[in-house]
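# Topology and contacts: notes
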Amino acid sequence: MNRLIDIFSFSEDFPLIFTQADFWIFFAVIYFLYAIIYSKKNLRSAYLFAISLLFYYKTSGLFIGILLFSTVNDFFLGKAIYHSKSIIVKKLLVAFSVIINLSTLCYFKYAYFFTESYNTLFNTDYEVINYLAQFANSWANADYFTVDTIILPVGISFYTFQTISYSVDIYRKQIEPLKSIIDFGFFVSFFPQLVAGPIVRAADFVPQIRKEISITKEEFGNATFMILKGLIKKMLFADFIAMNFMDRVFDVPDMFSGFTNIMAMIGYSLQIYGDFSGYTDIAIGLALLMGYKLPVNFNSPYKAIHCGDFWRRWHISLSSWLKDYLYIPIGGNRNGSIFSYVFIIVFTFLGAFAFADFGVAIISTAFIGFLLIITVFSSKVAWHFNRNVNIMITMLVGGLWHGASWKFVIWGGLNGIGIVTYKYWRKISPYENSTAWYALLWRIALTFAFITFTRIYFRGNSMDHIDRFYQAVMTNMDWGNALTVLWEYRLVFIVMLIGYITHWLPYKTKDWILEQFIKSNIVIKGLIATIVAIICYQTYAADFQPFIYFQF
């Protein structure tokens, strides 16, 4: 009983994580009760909303207030948008929803980034103050909250984008607003995907809320398979290789050879895929066990043949969200907009100033301004400029979404450059239309190498840390000891090899494996689950590894 009390009460040191036994005890209890009441739609929504709030409270404590604020705010704004007769009022209400949500996100996620950038730009020394904590302490007449630190609430980037899409989709007449705030709260907070996605669109999920729940044998088998696959990805292909190899290298990259650093980067591509797609697989499986379908978030991304293809396969819910709610509204591949031009000018100036000096910032900004002037007189230049600027803006925002740091902006920018470069390269590429296996292999390898080595800006703790990585690679490859490194970490590299082989298996093979699992009897399923549990236990660490995307 004490164990159950601990599991269902808040502890900052012991949040509910999919890879821990406490979560599965939690899920077993709530699923047992769900099986009793799932046929009663109103009770079902209220129950899952309450459980989701409890789950988030276990993860984030009093930050549950931010989630509730976002829920209440967008529920009533959605109704107001739908019932308003004036198109101007509708636009103002949508703008208000977007401003409120993005302001909340910016306050908690980007306060340090904006403050540091301002200090760099104007040579000041302002410090971040948590005004919300200050107000709460003043109102309560007590020092409950720390005022000199702003902590990022887990999952805020995900549920903020979900509530924005809800308001925008109502404005676009793609959905009608939900009548019950309980139903809307359930949509926003559904616990399997709450803290790390996938980003669920209202148009995809809302129709499922009031439907009859019926879970077939195939769906149960598919859900179980997804959960087991997700656990293997996370605990074996992500945590094991990170704890036993990559973390050691990335902590002090200059203490290892360039070859070792390169192998660590290749390992990191598997780690982040196993970590994030593993979470998504578990979330999809859990939701399916309760009768709900979440969107696919990964489609074998390392099979991509160019950078654009990669972003159609990786974090699909974010990529498609940015496309539909940012890229297309600012002009897509056809037109520019005032937003596009202002954004690229400001970002060019700030980025150049942050990494160089005021003179470079002025020259870079003047060059962008010169191109803008040319677009007025040349429709061909305007077409190329607008198309590429909108791609770059989307990728820069995508990079900034992942982290409040210039290194994430660089990472997003490099991926944007990769997409733009390919659009021109494919016109002259000698193997673009080749069906030969070696041409396909070359394109996949080239894309994988590009994606992998841009991720040093994603993984590095600071720009100095990233510089140390590059120095090790450029000055100390130490090929003579490469075999020694491979032998000393042979178990890690065997696991990495298995991970990549399973990733690159043909779709038909993967579908056949899933089909055989679904067809197997309950004894076989139980045996496989036991084997997976043993493997996961063998790789389990006393210090649990949180999912990487929790920080976003």
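Structure: above.
Presented here is an overview of the structure given in this document. (Residues numbered from 1 in each chain as written. Predicted model: local features only at pLDDT ≥ 70, side-chain atom pairs only at ≥ 80, totals over all residues. Heavy atoms only, no water.)

### Some points on empty space enclosed by the protein
Inclusion rule: A cavity, in this analysis, means grid points on a 1 Å lattice covering only the protein atoms where a 1.4 Å probe fits yet has no way out; a pocket is instead an open set bounded by protein on both sides within 12 Å along at least five of seven lines, and a residue lines either one if it has an atom within 4 Å of a point. Grid points are joined across faces, edges and corners, and a volume is the space filled by probe spheres set on the points. Secondary structure elements are defined from DSSP: runs of H or I of at least 4 residues count as helices, runs of E of at least 2 residues count as strands, and each element is numbered from the N terminus. Three categories are distinguished: nonpolar for Ala, Val, Leu, Ile, Met, Phe, Trp, Tyr, Cys and Pro, charged for Asp, Glu, Lys and Arg, and polar for the others, with Gly belonging to the last.
What the rule picks out here adds up to three cavities of 30 Å³ or more. Considering the residues around the second largest cavity, the lining is formed by Ile66, Phe69, Ser70, Ile100, Asn101, Thr104, Ile156, Tyr159 and Thr160. Counting only elements with at least two residues in the lining of the second largest cavity, the list comes to helix H4 (64-83), helix H5 (87-122) and helix H7 (156-171). Here the lining of the second largest cavity is composed, by residue class, of five nonpolar, four polar and no charged.

### With respect to the side chain of Ser300
Applicable threshold: Two N or O atoms form a polar contact when they lie within 3.5 Å of each other; inside protein one atom must be a possible hydrogen donor and the other a possible acceptor, and for residues adjacent in sequence the pair counts only when both atoms belong to side chains. Pairs of residues are marked as contacts when any of their non-hydrogen atoms sit within 4.5 Å.
By secondary structure assignment, the location of Ser300 is in the loop between helix H11 (258-289) and helix H12 (307-313). A distance of 3.3 Å separates a polar atom in the side chain of Ser300 from a polar atom in the side chain of Lys510. When neighbours within four sequence positions are excluded, Ser300 is seen to be in contact with Arg313, His503, Tyr507 and Lys510.

### Here's the deal with the packing of aromatic side chains
To be explicit about the condition: Stacked, edge-to-face and tilted are the three classes for Phe, Tyr and Trp ring pairs, Trp counted by its six-membered ring, which pair at centre distances within 6.5 Å; planes under 30 degrees apart are stacked, over 60 edge-to-face, the rest tilted. Lysine and arginine charges are scored as sitting over a ring when NZ or CZ, respectively, is within 6 Å of the ring centre and within 35 degrees of the ring normal.
Tallying each qualifying case throughout the model produces 65 aromatic pairs. Between Tyr110 and Phe114, the ring centres sit 6.0 Å apart and the planes meet at 40°, which makes this aromatic pair tilted. Of this pair, Tyr110 and Phe114 both sit in helix H5, four residues apart, which is roughly one turn of that helix. Arg455 extends its terminal NZ or CZ atom over the ring of Trp314, reaching a point 4.6 Å from the ring centre.

### Quick look at a positive patch on the surface
As a reminder of what qualifies: Patches in this entry comprise residues that are over 30% relatively accessible and not in a salt bridge; like charges within 9 Å are linked, as are nonpolar side chains (Val, Leu, Ile, Met, Phe, Trp, Tyr) within 5 Å. Exposure was quantified through the Shrake-Rupley algorithm and a 1.4 Å probe, taking into account, for residues, occlusion by the shown protein chains and nothing else. The rule for a salt bridge is simple: a side-chain nitrogen of Lys or Arg has to be within 4 Å of a carboxyl oxygen of Asp or Glu. His is not counted, nor are the chain ends; Lys and Arg add positive charge and Asp and Glu add negative charge. Working definition for charges: the position is that of NZ of Lys, CZ of Arg, CG of Asp or CD of Glu.
Taken together, the side chains of Arg312, Lys323, Lys380, Arg426 and Lys427 present a region of like positive charge at the surface. Within the element layout of this structure, Arg426 appears in the loop between helix H17 (406-425) and helix H18 (437-454).

### Side note on the packing of helix H14 (residues 338-355) against helix H16 (residues 379-402)
The condition is simple: The axes are straight lines fitted to the C-alpha atoms, using for helices just the contacting stretch, and the angles between their N-to-C directions are given from 0 to 180°. When an angle is under 35 degrees it counts as roughly parallel; over 145 it counts as roughly antiparallel; between 65 and 115 it counts as roughly perpendicular; any other value is oblique. For any helix crossing, the convention is left-handed if the near helix is rotated counterclockwise from the far helix by under a right angle, and right-handed if that rotation is clockwise.
Two numbers describe how H14 lies on H16: the axes approach to 10 Å, and their chain directions differ by 60°. In terms of axis orientation, H14 runs oblique to H16. Between H14 and H16 lies a crossing of left-handed hand. Contacts between H14 and H16 involve Phe339, Ser340, Tyr341, Phe343, Ile344 and Phe347 on the former and, on the latter, Phe385, Asn386, Val389, Asn390, Ile393, Leu396, Val397 and Leu400. Here the residues of the contact of H14 with H16 are counted per class, giving 11 nonpolar, three polar and no charged.

### Notes on the nonpolar core
Spelled out, the test is: The criterion is simple. A nonpolar core is a set of buried Ala, Val, Leu, Ile, Met, Phe, Trp, Tyr and Cys residues joined through side-chain atoms within 4.5 Å. When accessible area is computed with a 1.4 Å probe and restricted to protein chains, residues below 20% of their type maximum are described as buried, those above 50% as exposed, and intermediate ones as partly exposed.
Phe23, Phe187, Phe190, Phe205, Phe245 and Tyr292 are the most contacted members of the largest nonpolar core, which totals 150 residues. Apart from residues lying up to four places away in sequence, Phe23 is in contact with Leu16, Ile17, Phe18, Phe55, Phe191 and Leu286.

### Section: the layout of surface pockets
Its boundaries defined by the atoms lining it, the largest pocket holds a volume of some 1200 Å³. Along the wall of the largest pocket there are 40 residues; nearest its centre are Phe225, Met226, Lys229, Lys233 and Asp281. Broken down by secondary-structure element, the contributors of at least two residues to the lining of the largest pocket are helix H10 (217-251), H11, helix H22 (490-503), helix H23 (507-519) and helix H24 (522-539). Broken down by element, the residue count for the lining of the largest pocket peaks at 10 residues, all from H10.

### Re the environment of Leu440
For Leu440, the location among the structural elements is in helix H18. With a relative accessible area of 45%, Leu440 lands in the partly exposed category. Separated by 137 residues in the primary sequence, Leu440 and Lys303 place their C-alpha atoms 9.5 Å from one another.

### Quick word on helix H15 (residues 358-377)
Residue pairs three or four apart in sequence face the same way in an α-helix, which turns once every 3.6 residues. Our working rule: Multiplying 1.5 Å by the helix residue count minus one yields the expected span of that helix. What the arc describes is the spread of directions from the helix axis to the C-beta atoms.
Under the 1.5 Å per step criterion, the end-to-end length of H15 is 30 Å for 20 residues, consistent within 8% with the ideal 28 Å. Within H15, the full set of buried residues consists of Ala361, Thr365, Ile368, Leu372 and Thr375. Down the axis of H15, the buried side of the element spans an arc of 60°, and every buried residue falls inside it. In H15, the exposed positions angled more than 90 degrees off the buried face are occupied by Ile363, Ile373 and Phe377. Looking at the buried positions of H15, the neighbouring elements they touch are H14 and H16.

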